[in-house]
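Here's the letter readout for the chains.
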Amino acid sequence: MARRRGIDVLRRRAVEFLEGAEEALKAGRYGLACFLSEQAVQLYVKSKLLELVGDYPRTHYIRVLLGELLRSIDDERLRRFIRDNRVRISSLEDAYLMARYSEKEYFREDAEDAVSLARELIKLIERLQQP
């Protein structure tokens, strides 16, 4: 019961972060859109790990979380997506710190790609099932 509630809370927050990223993109707040996209993916992956494994690593690194997910459920589509989008995922992961603490400026294209990547990853992860 408590685990199901945790999964639901993380998923709801992930969706809210993605919606916030889309709103920030429309408003021209590109750094915020990138940060919120990262948060959406991070929380969604954690929710899927909680669902499938019962726990998740206490880290914000998306690549680590995705690696754990692949160890839990060997899915060729996810493996291929991660391989083909390695640079995009790394950039999204960097937004966790860079959008808040650095002088890096984000542009519309950065935010569009971050939001798009978040949507794609969440949609792919949503379909994963326990083997």
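Residue numbers restart at each chain and count upward from 1, following the sequence in its written direction. The predicted origin of the model limits local features to residues at a pLDDT of at least 70 and limits the giving and counting of side-chain atom pairs to 80 or more, whereas totals for whole chains, interfaces and linings rest on all residues. As a rule here, side-chain values come from all non-hydrogen atoms in the structure, and water together with hydrogens is ignored.

Caption draft 1: Region of interest: the packing of aromatic side chains. Between rings of Phe, Tyr and Trp, where Trp is taken as its six-membered ring, a pair exists when centres lie within 6.5 Å; planes separated by under 30 degrees are stacked, by over 60 edge-to-face, and by other angles tilted. Applying the stated rule across the entire model yields one aromatic pair. Pairing Phe 35 with Tyr 96 gives two aromatic rings, centres 6.4 Å apart and planes at 35°, and the pair type is tilted. Taken together, the positions of Phe 35 in helix H2 (residues 30-52) and Tyr 96 in helix H5 (residues 86-101) put the pair 61 residues apart, joining distant regions of the chain. Tyr 96 carries the same exposure label as Phe 35, and that label is buried. A helix here means a DSSP run of H or I that spans at least four residues, while a strand means a run of E at least two residues long, and both kinds are numbered starting from the N terminus. The buried label applies to any residue whose accessible area, calculated with a 1.4 Å probe on protein chains only, is under 20% of its type's maximum; exposed applies above 50%, and partly exposed to all values in between.

Caption draft 2: Geometry of the side chain of Glu 93. Counting through the fold element by element, Glu 93 comes out in helix H5. Whenever a nitrogen or oxygen atom comes within 3.5 Å of another N or O atom, the pair is scored as a polar contact, on the condition that within protein one atom can donate a hydrogen and the other can accept it, and that pairs from neighbouring residues in sequence are kept only if both atoms are in side chains. A distance of 2.9 Å separates the side chain of Glu 93 from the backbone nitrogen of Ile 62, its partner in a polar contact. Ignoring sequence-local partners within four residues, the contact set of Glu 93 consists of Glu 38, Tyr 61, Ile 62 and Arg 63. Contact between two residues is taken to exist if any of their heavy atoms lie within 4.5 Å; hydrogens are not considered.

Caption draft 3: Up close: the packing of helix H1 (residues 2-26) against helix H6 (residues 108-126). Here an angle of 0 to 180 degrees is reported between the N-to-C directions of two axes, which are lines fitted to C-alpha atoms, with helices fitted over the stretch in contact. Put simply, H1 and H6 touch, their axes get as near as 10 Å, and they point 155° apart. The angle between the axes of H1 and H6 places the two elements in the roughly antiparallel class. The handedness of the crossing between H1 and H6 comes out as left-handed. Contacts from Leu 18, Ala 21, Glu 22 and Leu 25 of H1 reach H6 at Arg 108, Ala 111, Glu 112, Val 115, Ala 118, Arg 119 and Ile 122. When grouped by side-chain class, the residues that make up the contact of H1 with H6 number seven nonpolar, no polar and four charged. Working definition: roughly parallel below 35 degrees, roughly antiparallel above 145 degrees, roughly perpendicular at 65 to 115 degrees, and oblique for all remaining angles. For a crossing to be left-handed, the near helix must be turned anticlockwise from the far one by less than a right angle; the clockwise case is right-handed. Under the scheme applied, nonpolar residues are Ala, Val, Leu, Ile, Met, Phe, Trp, Tyr, Cys and Pro; charged residues are Asp, Glu, Lys and Arg; polar residues are all the others, including Gly.

Caption draft 4: View of the pattern of salt bridges. Only one rule defines a salt bridge in this text: a Lys or Arg side-chain nitrogen within 4 Å of an Asp or Glu carboxyl oxygen. Using the criterion set out here, one finds 14 salt bridges in the structure. One salt bridge in this structure joins Arg 58 and Asp 55, with 3.1 Å as the shortest N-O distance. Of the residues examined, Arg 58 reaches a relative accessible area of 62% and is grouped as exposed. As a salt-bridge pair, Glu 93 and Arg 63 come within 2.5 Å of each other at their nearest N and O atoms. One end of the pair, Glu 93, is in helix H5; the other, Arg 63, is in helix H3 (residues 62-72), and 30 residues separate them in sequence. Assessed through its relative accessible area of 44%, Arg 63 is described here as partly exposed. Bridged by salt links that share partners, the residues Arg 11, Lys 48 and Glu 51 form one connected network.

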